Amino acid sequence: MTAKEIKVNGKIFKGIELELCKDSSLLVITGEKGYIMCGYLNINTAQKRNDVACMVTGVKTIEDMLNSKLAALTSAAQSLGITMGMEVKKVLEILAED
């Protein structure tokens, strides 16, 4: 498991990479308001829990996540102004707002 700090507008996010098997990792970036997850996690469960959650697909590293666009999101994320296809870096800026 690898943990990385990601700083955005004075806020700290934690990027976690957990190797599942060869060429497969579970990835998540977490912050105080919400999180961004890879396709291994379930966006429907996040929706049921009313989490501020976004999902990206086709990524293998935290760096890949930072350079990708959203494939899914919850209504709680939408209520913050996050939209489908938004770049992850922009999402982190929104999640870093006070």
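Structure: see above.
Just so you know, these numbers come straight off a predicted model, no measurement behind them.

1. Here we look at the pattern of salt bridges
Consideration 1: Summed over the entire model, instances satisfying the criterion amount to 4 salt bridges.
Consideration 2: As a salt-bridge pair, Glu17 and Lys4 come within 3.5 Å of each other at their nearest N and O atoms. One end of the pair, Glu17, is in strand 2 (residues 11-21); the other, Lys4, is in strand 1 (residues 2-8), and 13 residues separate them in sequence.
Consideration 3: Judged by relative accessible area, Glu17 falls into the buried class, the value being 14%.
Consideration 4: The exposure class of Lys4 is partly exposed, given its relative accessible area of 28%.
Consideration 5: Among the ionic contacts, a cluster of salt bridges with common partners joins Lys4, Glu17 and Glu63.

2. What to know about a nonpolar patch on the surface
Consideration 1: Taken together, the side chains of Met1, Leu18, Leu20 and Tyr40 make up a nonpolar region of the molecular surface, amounting to roughly 460 Å² of accessible area.
Consideration 2: Mapped onto the secondary structure, Leu18 falls in strand 2.

3. Some details on the pairing of strand 1
Consideration 1: Relative to strand 2, strand 1 is paired through 7 bridges, and the arrangement is antiparallel. Residue pairing for strand 2: Lys7 is matched across the bridge by Ile12.
Consideration 2: Turn length for the strand 1-strand 2 hairpin, with the two strands adjacent in sequence and antiparallel, is 2 residues, and the turn residue Asn9 shows positive phi of about 50 degrees.

Definitions and cut-offs
Residues numbered from 1 in each chain as written. Predicted model: local features only at pLDDT ≥ 70, side-chain atom pairs only at ≥ 80, totals over all residues. Heavy atoms only, no water. Salt bridge = Lys/Arg side-chain N within 4 Å of Asp/Glu carboxyl O. Helix = DSSP H or I, 4+ residues; strand = E, 2+ residues; numbered from the N terminus. Buried < 20%, exposed > 50% of the residue type's maximum accessible area, 1.4 Å probe, protein only. Patch = residues over 30% accessible without salt bridge, like charges linked within 9 Å, V, L, I, M, F, W, Y side chains within 5 Å. Areas by Shrake-Rupley, 256 points an atom, 1.4 Å probe, with all protein chains shown as cover. Pairing = 2+ DSSP bridges.

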